[in-house]
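Given next are the chains, with one letter for each unit.
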Amino acid sequence: LHRRPSGGRPVSPPVTHATAVAAWIAGGWRGALLRGPSGSGKSDLALRGLQAGARLVADDRVILWASGARVFARAPRILAGLLEARTVGVRPAPDLPWVEIVLAADLAGSREALDRTPEPDWTALCGCKVRRIDLFALESSAWAKLTLALQAATLGAGLEEAYQAALANEAKAPGAPRGPLKRNR
């Protein structure tokens, strides 16, 4: 609980409708905030992450706060360590008490709604700049894509730009192959 500046009655911290998960990347837990309406796949994606060794931070209700230029997340105490699996019910899940959020994933209603190669994007959470992606949570590769985005957000957002620049430079190089590559046997 937080106290009002006047020292009045305790008030609850603001709660966001989202799910927070964490993956072990580059020697530490890195958090993603999964945002979307009910039924968009937040808990389903978290469940697939748990199967891959991730940890739940908060399901469906998240408390966010900033410290310095970093954003952190935790579950409301009453919901800590609980995941709602549609058609199965609320179950305990391997969890973390809090995590730094390095990525926000906005869940799309369909694959067709997504750009194939989007430009890097950012969003503001608690006044801090955080890497942002769009993701279709209900496709089988969604957890793998989220993990790749977490790695890029952790290790440097310039990976896509470097990849595209290398492709462009390779295509301009003298003697660069034109058309499909053929293998010599």
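All figures in this text were calculated on a predicted structure; none of them were measured in a lab.

By the burial criterion, the buried members of helix α1 (residues 42-51) are Lys42, Ser43, Leu45, Ala46, Gly49 and Leu50. Here the buried residues of α1 occupy an arc of 160 degrees about the axis, which is enough to place them on one side. Looking at the residues trailing α1, positive phi occurs at Gly53, about 100 degrees.

What follows is about the pairing of strand β12 (residues 128-135). With six of eight residues buried, β12 lies mostly within the body of the structure. Note: strand β10 (residues 99-107) against β12, five bridges, orientation parallel. Along β12, the bridge assignment pairs Ala104 with Arg132. From the end of strand β11 (residues 121-125) to the start of β12, which pair antiparallel, there are two residues, and Cys126 there has a positive phi angle of about 55 degrees.

Under the counting rule described, the total for this entry stands at nine salt bridges. A salt bridge links Glu139 to Arg111; its shortest N-O distance comes to 3.2 Å. With Glu139 in the loop between β12 and α2 (142-155) and Arg111 in the loop between β10 and β11, the pair connects residues that are 28 residues apart, well separated along the chain. According to the relative accessible area criterion, Arg111 is exposed, its value standing at 52%. Close ionic contact of Lys145 with Glu139 constitutes a salt bridge, the shortest N to O distance being 2.8 Å. Salt bridges linked by common partners bring Arg35, Asp106, Asp121, Arg132 and Asp134 together as one network.

A few words on the packing of aromatic side chains. For the coordinates displayed, the defined rule picks out three aromatic pairs. With a centroid separation of 5.8 Å and an interplanar angle of 20 degrees, the aromatic rings of Trp65 and Phe72 are classed as stacked. The buried category is assigned to Phe72, whose relative accessible area is 8%. Aromatic pair Phe72 and Trp98: ring centres 5.8 Å apart, planes at 65 degrees, arrangement edge-to-face. Remark: Trp98 occurs in the loop between β9 (89-92) and β10 and Phe72 occurs in strand β7 (residues 70-74); sequence separation between them is 26 residues. Three or more aromatic residues link up through ring pairs in this structure, and these residues are Trp65, Phe72 and Trp98. The lysine or arginine in question, Lys129, covers the ring of Trp122, its NZ or CZ lying 4.7 Å from the ring centre. The side chain of Arg131 reaches across the aromatic face of Trp122, ending 5.9 Å from its centre.

Definitions and cut-offs
All chains use their own residue numbering, which begins from 1 and follows the written sequence. It should be noted that, the model being predicted, local features are given only for residues of pLDDT at least 70 and side-chain atom pairs only at 80 or more, the latter also being counted only at that level, while totals for whole chains, interfaces and linings use all residues. Neither water nor hydrogens contribute to the side-chain values; these are computed over all heavy atoms in the structure. Exposure classes here rest on a 1.4 Å probe applied to the protein chains alone. A residue is buried below 20% of its type maximum, exposed above 50%, and partly exposed in between. Secondary structure elements are defined from DSSP: runs of H or I of at least 4 residues count as helices, runs of E of at least 2 residues count as strands, and each element is numbered from the N terminus. Summarising the geometry, the arc corresponds to the directions from the helix axis toward the C-beta atoms. Between any two strands, at least two bridges found by DSSP are needed for them to pair. By salt bridge we mean one thing: a side-chain nitrogen of Lys or Arg within 4 Å of a carboxyl oxygen of Asp or Glu. Each Phe, Tyr or Trp ring (for Trp, its six-membered ring) is paired with any other whose centre lies within 6.5 Å, and the angle between the two planes then decides the class: stacked below 30 degrees, edge-to-face above 60, tilted in between. The criterion is that NZ of a Lys, or CZ of an Arg, lies within 6 Å of the ring centre and within 35 degrees of the ring normal, and then a charge sits over that ring.

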